[in-house]
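The residues making up each chain are set out below.
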Amino acid sequence: MKKVLYIIAHNLRVLRSDRSAFFWLLAMPLVFTFVLGIMIRDGGGGSGEPPRYALTVANLDEGEHGAALLEAIEEADEIDLLVVEGPDAGAEAEALVEDGDRSAALVIPADFSALLEAGEGAALTFHRNPERMNPLVTRQAVEKIVSRLNVSALAGAGVLEGYEHLWGAVPEERAPELTARADRFVEEASETPPLTVRVETLGRGPEEDAPAMGFSHSSPAMALMYVLLNGLMASVFLVTERRERTLMRLFTTPVRRSTIIVANLGWRFVVGMIQIWFLIGFGALVFRVDWGDSPVGLLAVTVTYVAAVAGLSVLIGSVARTSRQAESLSLVLALTMCALGGLWWPLEITPRAYQRVGHMIPTGWAMDAMHNLISRGYTLAGVAPQALVLAGFAAAFTVAAVLTFRHE
Amino acid sequence: MKALRIALKDLRIRLRDRNTLILMLLLPVGLTAVIGFAFGGDAGISAVEFLLVSPEEDGFPAGDFLTGAAANFLSQIEIFDVEVATREEATRAVSEGEKSAAILVPEGLREAILEGTPAEVVVLRDPASDIKAGIVQSVVERFVTYASAGGIVGRAIFETLEEERPLTDGERWQLTGWMLRWMYDRYREPAIGIQAADTEVEDVNVHAYFAPSFAVLFLLFTMLGSAKSIHEERESGTYDRLMTAPVSRATFIGGKLTGSYLLAAVQMLILILLGSIVFGIRWGSHPGAVVVMALVTAAGASSLAVLIASIARTGSQVDNVGTAVILVMSLLGGSMWPVEQAPAAFQNIARFTFNYWAHSGFKKLVFLDAGLAGIAQEIAIVGAMSIVFFALSVRLLSRR
């Protein structure tokens, strides 16, 4: 045991002397956590406020309906509006979208009011930049506004047609009064709609002053990703030790093979634990991530995950013939495992087959456990299944590493 | 001529190296495939699973029947998988993450719509499901908007006509029957419609979006490895040996830069070809513009990598500084995440990165079917970056 601790301490001293190691282990994950957290916060708004979607409007209509629609869009909180005016406004709005300066544009046609007043349908034209994904949400916001206006138009028309259906043609002098009355009713009823939606988020729910979800996903995801990436890259050390014969020299001393293997697993485990808990601590203090109510559960998940990474790192170091081979293998495995395990995007939106693949590797289970702790407020018992699976991965990788470990 | 021989020698070495090939081709193609598997594959995204809960107090079978019918109706929509449950079952399933959300249908929903009495639809959300629970919430909000609107229109018609002339029971029935048909027709063809101007454009092709971004990202990494060879030659002594031969330093630098550029051009062109073959990406109808964009991008990436190598003092510094620069630039420039989803400040920063302009050029080729004129701005900016990086690296390398 003493020898194991000595080798671990020695390797940590070597690592400490490498300034760039601190950058890769601690600084880079924070940069990624910050940028990713800001990007996914509130659907990309980044400000902590509800997201706003860019929409350019060209109102070619000079009538009251065009003005009413524009006013309704101006009042919508979710829309970041830019109005273009002038005779070429339609073409200008279209060009802004085509050039990628704006993601969506709405053109109100010149005969908009005239068509509505004549009781005919009028079509707005919605331009979207096909490179962008946000316009789909923008269109939904516009549809919501338009549906409110449609209600007014419908009520007026419905009263006249209903009258006609029951009692025959509407006397010419009564028509304006009837539609105005229907409009008033719609206006009053719309102020307090009878049917409302209440959303209850189950689980522990965020604390009142907690930031939006961005960092509560990016913080655990980037912590798991960088522990994996740096951990697997550490496989290069083992190859270097073997190629430079320092490992062989160690075998000439009275140190057992098992001691060397345990020490190799051990120092990787220690570095991984320092790294992940630094990132967790930083996430809690700076990004205000609420890591849940169960530090013990979090410890169980981190211990088993880091152990699995350490085992895999020694395994790669054992099977790779050259440093570059170890580097390439580590990079391919780490990036693939991050993508498949839900560290870059939530597994919930991926196809079933993808989710199944994601749960064949440690990252999928580790991310599940993090969600259970952070969002659902599970305790140790709640994350025990994930921790046990991670422990299984750790055991399997370690056994494989022991079987393949070679000093020359 | 000597410079070209150095360049071809470098190119041969790189293309024979399996690890370089992994970085050059396997990783960008592999990650594009993974992202396609996640978002754009034939399987599409997994179904949004949620539960419908009947009003608690509704002991009549009609309540369950209607909820069941609604669940069946919603399940016909491809992305939904809806089941009926009790409140307890729904709360348990949602809180444990088995279902993304549950909708609690309120007692008196029909009265709320028809008579305007207050009622509340409750959506239970799984806290760990941001996207799918959000979809369910959005569906409910749309339903409530339309149902409320329909109810208001119906009541407006009834109340206005009642005020005009009190309705008999027969007239009420007659009006109700007529109104349901009328509203159904009117909702299908509303007074104000929205038509898409881009109906001829296909939906965002995930492969086509990410293939160029990963190509640019891994192009930069390959170039870094290639540029690092300047230091490796010096550190291993082969540079000194070369200097004993009748080869000038300028020839050596020229050979190294040309070698890097050739490798970059080969990588970009192969990745574009693989994109077409493996993922069926249509790079637009201007192949000339695609080749020009690829060659300019290759020039930018190779000169940036050589600039990093010329600033660094050792091969290991090239690795550390270069990887950090590439990762941060790629993260900010949209090679890892759609930059248009970022806040405005980030989008402005993105414009200072090589990745942003290179990716923007390819996006215009693929999604807007732009020709050379359409990507002139991108070519000019990436070209200008290449010239500046190249001039700086030649100056720095010549001094050493």
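Residues numbered from 1 in each chain as written. Chains lettered and ligands numbered in written order. Predicted model: local features only at pLDDT ≥ 70, side-chain atom pairs only at ≥ 80, totals over all residues. Heavy atoms only, no water.

Caption draft 1: Spatial organisation of the pattern of salt bridges. One pass over the full model with this rule turns up 22 salt bridges over all chains. Glu-177 of chain A serves as the salt-bridge partner of Arg-181 of chain A, at 3.2 Å between the closest nitrogen and oxygen. Separated by four residues within a single helix, Arg-181 of chain A and Glu-177 of chain A lie in helix α7 (residues 175-191), roughly one turn from each other. Close ionic contact of Glu-162 of chain B with Arg-172 of chain B constitutes a salt bridge, the shortest N to O distance being 2.6 Å. Of this pair, Glu-162 of chain B sits in helix α6 (residues 131-164) while Arg-172 of chain B sits in helix α7 (residues 169-188), placing them ten residues apart in sequence. With relative accessibility at 26%, the residue Glu-162 of chain B sits in the partly exposed group. Several salt bridges converge on common partners, so that one network encompasses Arg-174, Glu-177 and Arg-181 of chain A together with Glu-163 and Glu-164 of chain B. (Salt bridge = Lys/Arg side-chain N within 4 Å of Asp/Glu carboxyl O. Helix = DSSP H or I, 4+ residues; strand = E, 2+ residues; numbered from the N terminus. Buried < 20%, exposed > 50% of the residue type's maximum accessible area, 1.4 Å probe, protein only.)

Caption draft 2: Summary view of the interface of chain B and chain A. Contacts between the two partners involve 107 residues from chain B, matched on the other side by 101 residues from chain A. Our count for the contact surface shared by chain B and chain A stands at eight salt bridges. Residue Arg-181 of chain A is joined to Glu-164 of chain B by a salt bridge in which the shortest nitrogen-to-oxygen separation is 3.2 Å. Looking at the side of chain B that touches chain A residue by residue, the classes come out as 61 nonpolar, 21 polar and 25 charged. Where strand β4 (residues 122-128) of chain A and strand β5 (residues 192-196) of chain B come together, five bridges link them in parallel fashion. Each bridged residue has a counterpart across the sheet, and for Thr-125 of chain A the counterpart in β5 of chain B is Gln-195 of chain B. (Contact = heavy atoms within 4.5 Å. Nonpolar A, V, L, I, M, F, W, Y, C, P; charged D, E, K, R; others polar. Pairing = 2+ DSSP bridges.)

Caption draft 3: How the structure looks around a negative patch on the surface. A grouping of Glu-94, Glu-98, Asp-99 and Asp-101 of chain A is seen on the molecular surface, where their side chains present a negatively charged patch. As for its placement among the helices and strands, Asp-99 of chain A is situated in the loop between α4 (89-98) and β3 (104-108). (Patch = residues over 30% accessible without salt bridge, like charges linked within 9 Å, V, L, I, M, F, W, Y side chains within 5 Å. Areas by Shrake-Rupley, 256 points an atom, 1.4 Å probe, with all protein chains shown as cover. Lys, Arg positive; Asp, Glu negative; His and termini not counted. Charge placed at Lys NZ, Arg CZ, Asp CG, Glu CD.)

Caption draft 4: Quick peek at the sheet that holds strand β1 (residues 53-59) of chain A. Across the sheet, five strands lie side by side as β2(A)-β1(A)-β3(A)-β4(A)-β5(B); this open sheet has mixed pairing. Each edge of the open sheet is held by one strand with a lone partner, namely β2 (79-84) of chain A together with β5 of chain B. This sheet shows a mean twist of 25 degrees between the axes of neighbouring strands, independent of strand direction. With six bridges connecting them, β1 of chain A and β2 of chain A associate as parallel partners. Within the sheet, the bridge partner assigned to Ala-58 of chain A lies in β2 of chain A and is Val-84 of chain A. The strands touched by helix α3 (residues 64-75) of chain A within the sheet are β1, β2, β3 and β4 of chain A, with β1 of chain A carrying the most contacts at an inclination of about 165 degrees. (Axes fitted to C-alpha atoms, helices over the stretch in contact; angles between N-to-C directions.)

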